Amino acid sequence: MESQRYKNCLREIRERANDVVDEQTGVHIKREDWLKLKLHIVSENNFPTAAGLASSAAGFACLVYTLAQLMGVNERYQGELSAIARLGSGSACRSLDGGFVKWDMGQKEDGADSIAVQIANETHWKDLVIFIAVVSSRQKEVSSTSGMQETVQTSPFLHFRAKDVVPKRIKEMEDAVARHDFSSFARITCADSNQFHATCLDTSPPIFYLNDTSKRLIGLVERWNTQEGSPQAAYTFDAGPNAVLFTTESNSSLLLQRLLFQFPPAPGVVLSSYVVGDLKTLELAGIKSLKDLASLEPPKELAEPKIPLRTPGELAYIICTRPGRGAFLLKDLGSSLIDSTSGLPFSK
């Protein structure tokens, strides 16, 4: 491990380690042994890495959680895991818990109390459906960490946003989640995403995370919402071109139909590899094959002839999902990434 971020997380977990007895082998590992034992860590993502989809947040959250389980970290330290995960990736502190999570800024200069707090679990809003439109899986030119550092140093807009806008929006979002108020949720989500990217443009030199396909995805949602006179869907973009889209159960098939109409797969791409994840929505949309895709009617908000109707191949694929649970251990050894005999990663 050459990265200092990994070393920081490992150091903090080791300092909180306890004596552990392996359930399978009966081997007793003393607390002081963890300080000198070497670890073989294998990590794998099933979605693009360094492309603005919080891959580092997921990775470091799982790393810290797994190390804490391995080293028998006492429950009284569980609240500190969020701060430790943040040493690897800021957003990782929010990824330890499932459902809806708020990152508290904290007051201490060392950032020890800058941790994440779950405000509702993953079953709280069962009506909420999520689509991830993967525009590009390529690694972005400006990383989230370096981009934010440059923005903090050069963007006056960011400081106004942090002081005058974000605190109010956090309270509004907590209230929207508590009440299952999708209209407010959608309005805040879109507005905050747009303002975040405005701060990126306000950075010197400016940072461009969105591309033309990202803008077309924004247009898809905005036209639909305007046509209906109320929010039907919401979008947000992190530090990358890939869209996270939210809607309700009743509108999920309508949103997927719009995505597939305007962004059909490239020639030769099969439907089963283009739409992945929770396929219940695909069934509700009445799409079982590429033939069904070809027969989709244009939505009424696309009546304007100047709007390009279909752009095949602009999306890599679409993930259908819902609010998920936090980090957890896989008990099934068949899910392991490491061969228990050789101790090496399974070959692909």
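All of the points below concern the structure found in this document. Fair warning: this is a prediction, and the values are worked out from it, not measured in the lab.

## Digging into the packing of aromatic side chains
1) Next: Tallying each qualifying case throughout the model produces seven aromatic pairs.
2) Next: Measuring from ring centre to ring centre gives 5.2 Å for F185 and F246, while their planes differ by 85°; the resulting arrangement is edge-to-face. Of this pair, F185 sits in helix α7 (residues 182-202) while F246 sits in strand β7 (residues 243-248), and the two are 61 residues apart along the sequence.
3) Next: Members of the aromatic cluster, each reached through a chain of ring pairs, are F100, W125, F182, F185 and F246.
4) Next: R310 extends its terminal NZ or CZ atom over the ring of F261, reaching a point 4.4 Å from the ring centre.
5) Next: It is R325 that lies over the ring of F328; its NZ or CZ is 3.6 Å from the centre.

## Comments concerning the sheet that holds strand β5 (residues 128-134)
1) Next: Strand order in this open sheet of five strands is β6-β7-β5-β9-β8, and the pairing throughout is mixed. Either end of the sheet is taken by a strand with one partner, and the two such strands are β6 (233-237) and β8 (275-277). Averaged over all pairs of adjacent strands, the angle between their axes in this sheet comes to 25°, without regard to strand direction.
2) Next: Bridge count for β8 against strand β9 (residues 317-321) is three bridges, and the pairing is parallel. Bridge assignment links V276 to a residue of β9, and that residue is I319.

The rules behind the values
- Residues numbered from 1 in each chain as written.
- Predicted model: local features only at pLDDT ≥ 70, side-chain atom pairs only at ≥ 80, totals over all residues.
- Heavy atoms only, no water.
- Phe/Tyr/Trp six-rings, centres within 6.5 Å; stacked < 30°, edge-to-face > 60°.
- Helix = DSSP H or I, 4+ residues; strand = E, 2+ residues; numbered from the N terminus.
- Lys NZ or Arg CZ within 6 Å of the ring centre and 35° of its normal.
- Pairing = 2+ DSSP bridges.
- Axes fitted to C-alpha atoms, helices over the stretch in contact; angles between N-to-C directions.

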